[in-house]
Amino acid sequence: MNKWAFAAAAAIFASGVNAQDLGRVTTFGSLSYQYTFEVDDRMTDEGHGVHLSLGHFLTRNLAVEIAGDYSRFGDEAPLNRKGRNYSSKLGLLYAFNRENLIQPYLGLGGGLAN
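Residues numbered from 1 in each chain as written. Predicted model: local features only at pLDDT ≥ 70, side-chain atom pairs only at ≥ 80, totals over all residues. Heavy atoms only, no water.

S.K.: Looking at this structure, I do not really get the environment of L112. What am I missing?
M.R.: Its place among the elements puts L112 in strand β5 (residues 105-113). Sequence spacing of L112 and Y86 is 26 residues, and the spatial spacing of their C-alpha atoms is 8.3 Å. Excluding residues that lie within four positions of it along the chain, L112 makes contacts with Y86, S87 and S88. (Helix = DSSP H or I, 4+ residues; strand = E, 2+ residues; numbered from the N terminus. Contact = heavy atoms within 4.5 Å.)

Here is the structure:
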């Protein structure tokens, strides 16, 4: 798949949707594309990845969210560091004001990375 087409599709799916805009639906999610620039100082090769998160409001302001990431790094010169990165997290979110366009929240969670 062309990486620009993939990036455009990911941007469309990642655009935020307010749960209130969907009536009583309180489940939310996002899908996004990730790109890592090659940086010699950080010893990273160019990489591409995807992020997926799903959440559900348990009460009016309290939500639980699960998220995962997958990234793949190439073996292009000069670093030749081929690899894959996986991570996941489980979080608890408290939304302060769900009626406005900007919805500040406080999150607490933990996760694993490989």
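Text resumes after the structure shown.
S.K.: Could you clarify how one ought to interpret the side chain of S71 in this entry?
M.R.: With respect to the helices and strands, the residue S71 is situated in strand β3 (residues 62-73). Not counting the four nearest positions on each side in its chain, S71 is found in contact with Q34, H48, G49, G83, R84 and N85.

S.K.: Explain the packing of aromatic side chains to me, please; I cannot follow it from the model alone.
M.R.: Any two aromatic rings considered together are summarised by their centre-to-centre distance and by the angle between their planes. Per the counting criterion, the structure on display carries three aromatic pairs. A centroid spacing of 5.5 Å and a plane angle of 55° characterise the contact between F28 and F57, whose relative ring orientation is tilted. Within this pair, whereas F28 is found in strand β1 (residues 27-36), its partner F57 is found in strand β2 (residues 47-57), the two being separated by 29 residues in sequence. Assessed through its relative accessible area of 13%, F57 is described here as buried. Measuring from ring centre to ring centre gives 5.3 Å for Y70 and Y86, while their planes differ by 45°; the resulting arrangement is tilted. Placement of Y70 in strand β3 and of Y86 in strand β4 (residues 83-95) is noted, with a sequence separation of 16 residues between them. (Phe/Tyr/Trp six-rings, centres within 6.5 Å; stacked < 30°, edge-to-face > 60°. Buried < 20%, exposed > 50% of the residue type's maximum accessible area, 1.4 Å probe, protein only.)

S.K.: Teacher, can you tell me more about the sheet that holds β4 here?
M.R.: Sheet strands line up and pair through hydrogen bonds in the backbone, either parallel or antiparallel. Spatially, β1-β2-β3-β4-β5 is the arrangement adopted by the five strands of the open sheet, whose pairing is antiparallel. Taken across any chain shown, the strands that pair with only one partner, and hence form the sheet edges, are β1 and β5. Across this sheet, the average inter-strand angle for adjacent strands is 15°, counted without regard to direction. When β3 meets β4, the two strands line up antiparallel, connected through twelve bridges. Opposite Y70, over in β4, you have Y86 as the bridge partner. (Pairing = 2+ DSSP bridges. Axes fitted to C-alpha atoms, helices over the stretch in contact; angles between N-to-C directions.)

S.K.: I keep staring at the confidence of the model for the protein and nothing clicks. Help me out?
M.R.: Close reading of the predicted structure is inappropriate where its pLDDT is low. With 67% of its residues at a pLDDT of at least 70, the protein reaches an overall mean of 76. The secondary-structure element of the protein with the lowest mean pLDDT is helix α1 (residues 3-14), recorded at 52, while β2 shows the highest, at 91. Low pLDDT, under 50, characterises residues 12-23; the stretch is placed with 14 contacts to residues that sit more than four places away or in other chains. (pLDDT = per-residue confidence, 0-100.)

S.K.: Where do I start with the environment of Y70 in this structure?
M.R.: Taking the relative accessible area as the measure of exposure, Y70 reaches 27% and is therefore partly exposed. Filtering out sequence-adjacent residues up to four positions away, Y70 remains in contact with Q34, H48, G49, V50, R84, N85 and Y86. A distance of 3.2 Å separates the side chain of Y70 from the side chain of R84, its partner in a polar contact. (Polar contact = N/O pair within 3.5 Å; in protein donor to acceptor, adjacent residues only side chain to side chain.)

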